Amino acid sequence: MKILSRSQWLALLAALILAIACFMPWSQIQSMRLTLSGVDTTGTRYGRPAYNHFILTAGILLLTFIARIWAKRLNLLFGVLNLAWAIRNFILFGRCEAGDCPERQIGLYLILLASVILMLTILFPKMELKEDGVQED
């Protein structure tokens, strides 16, 4: 049985934090008496941004446990998309519109933090590369 590396454990923990934070409050709009989360944006036109996080994080976790160079490269793409989506949500859910400024909640900060941690685990994987047929004279 193979033991998971430290970066794989960290990726697993960050993915769990990200999934939990999607259900936590992201922002609160006092004038409309709304509390928004990643899966419940009733009363706004934001859609359900947490579902993109779920899909991208599942892909990241799957590729994290595949010990192939193509998986690490594809994982980099998924990690960048996930981090960009987190930054987009952080800006969108915290911006002022028509003089009405929402208050950012803990879930929005956790999404951003977990996405950064996931990106770091992708950038620094523990993987041993083998040389294929290269001989030195």
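Bear in mind that the values here come from a model prediction, so they are computed numbers and not experimental data.

A. The overall build of the protein, seen in detail. Scanning the protein for helices and strands turns up four helices and three strands. Reading the protein from its N end, one meets helices and strands in the order α-β-β-α-α-β-α. On C-alpha atoms alone, the protein measures out to a radius of gyration of 18 Å, which is more than a quarter above the 14 Å that the 2.2 N^0.38 rule sets for 137 residues. With the C-alpha coordinates of the protein rotated into their principal frame, the extents come out at 75 × 30 × 20 Å. Summarising the internal contacts of the protein: among those between residues at least 6 apart in sequence, 63% fall at separations of at least 24. Accessible surface, the protein as shown: approximately 9,000 Å² in total, 63% of it carbon and sulfur.

B. Just a nonpolar patch on the surface, in detail. Together, Leu 76, Val 80, Val 116, Leu 120, Leu 123 and Phe 124 make up a nonpolar patch on the protein surface, roughly 530 Å² of accessible area in all. Those elements that place two or more of their residues in the nonpolar patch are α3 (69-94) and α4 (106-123). Among the elements that make up the nonpolar patch, the one with the highest residue count is α4 (three residues). Examined against the element boundaries, Leu 120 turns out to sit in helix α4.

C. Geometry of the sheet that holds strand β3 (residues 103-104). Taken together, three strands build an open sheet; the order of strands is β2-β1-β3 and the sheet is antiparallel. With one partner strand each, in any of the chains shown, β2 (34-37) and β3 form the two edges of the open sheet. The sheet contact formed by strand β1 (residues 25-29) and β2 spans four bridges and is antiparallel. Along β2, the bridge assignment pairs Pro 25 with Ser 37. Its contacts with the sheet put α4 on β1 and β3, and the angle it makes with β1 is roughly 140°.

D. Structural view of α4. The terminal C-alpha atoms of α4 lie 26 Å apart, and with 18 residues this matches the ideal 26 Å at 1.5 Å per residue to within 8%. Those residues of α4 that sit buried are Gly 107, Leu 108, Ile 111, Ala 114, Ser 115, Leu 118, Met 119, Thr 121 and Ile 122. Down the axis of α4, the sector holding all buried residues measures 160°, keeping them to one side. On the buried face of α4, the contacting elements are α1 (6-21), β1, α2 (50-64), α3 and β3.

E. How the structure looks around the packing of α1 against α2. Between α1 and α2, the shortest axis-to-axis distance is 10 Å and the interhelical angle comes to 165°. As judged from the angle between their axes, α1 and α2 are roughly antiparallel. α2 is crossed by α1, and the crossing has left-handed handedness. Counting all contacts with α1, which are made through Gln 8, Ala 11, Leu 12, Ala 15, Leu 18 and Ala 19, the residues of α2 involved are His 53, Phe 54, Thr 57, Leu 61 and Thr 64. Taken together, the residues that form the contact of α1 with α2 break down as seven nonpolar, four polar and no charged.

Thresholds applied
- Every residue gets a number counted from 1 within its own chain, in the order that chain's sequence is written.
- Thresholds applied to this predicted model are a pLDDT of at least 70 for local features of residues and 80 or more for the giving and counting of side-chain atom pairs; totals over whole chains, interfaces and linings are not thresholded and use all residues.
- Side-chain figures throughout are based on the complete set of non-hydrogen atoms in the structure, without hydrogens or water.
- A run of H or I in DSSP becomes a helix once it reaches four residues, and a run of E becomes a strand once it reaches two; helices and strands are each numbered from the N terminus.
- Radius of gyration here uses only the C-alpha atoms, and the compact-globule reference equals 2.2 Å multiplied by the residue count raised to the power 0.38.
- When checking whether two residues touch, look at their non-hydrogen atoms; a contact exists if any pair is within 4.5 Å.
- Calculation of accessible area relied on Shrake-Rupley with a 1.4 Å probe; when residues are assessed, cover is drawn exclusively from the protein chains displayed.
- Patch members must show over 30% relative accessible area and no salt bridge, and they are joined within 9 Å when carrying like charges or within 5 Å when they are nonpolar side chains of Val, Leu, Ile, Met, Phe, Trp or Tyr.
- Salt bridge criterion: a side-chain nitrogen from Lys or Arg within 4 Å of a carboxyl oxygen from Asp or Glu.
- One bridge is not enough; two strands pair if DSSP finds at least two bridges between them.
- Axes here refer to lines fitted to C-alpha atoms; in helices the fit is confined to the stretch in contact. Angles between the N-to-C directions go from 0 to 180 degrees.
- What a helix should span is 1.5 Å times the count of its residues minus one.
- Only protein chains enter the accessibility calculation, which uses a 1.4 Å probe; a residue is then buried when its area is under 20% of its type maximum, exposed when over 50%, and partly exposed in between.
- Note: the arc covers the axis-to-C-beta directions of the helix.
- The labels follow the angle: roughly parallel below 35 degrees, roughly antiparallel above 145, roughly perpendicular from 65 to 115, and oblique for the rest.
- Handedness of a helix crossing follows the sense of rotation of the near helix relative to the far helix, less than a right angle counterclockwise being left-handed and clockwise being right-handed.
- When residues are sorted by character, Ala, Val, Leu, Ile, Met, Phe, Trp, Tyr, Cys and Pro go into the nonpolar class, Asp, Glu, Lys and Arg into the charged class, and all the rest, Gly among them, into the polar class.

In short, shape yes, function no, at least from these values alone.
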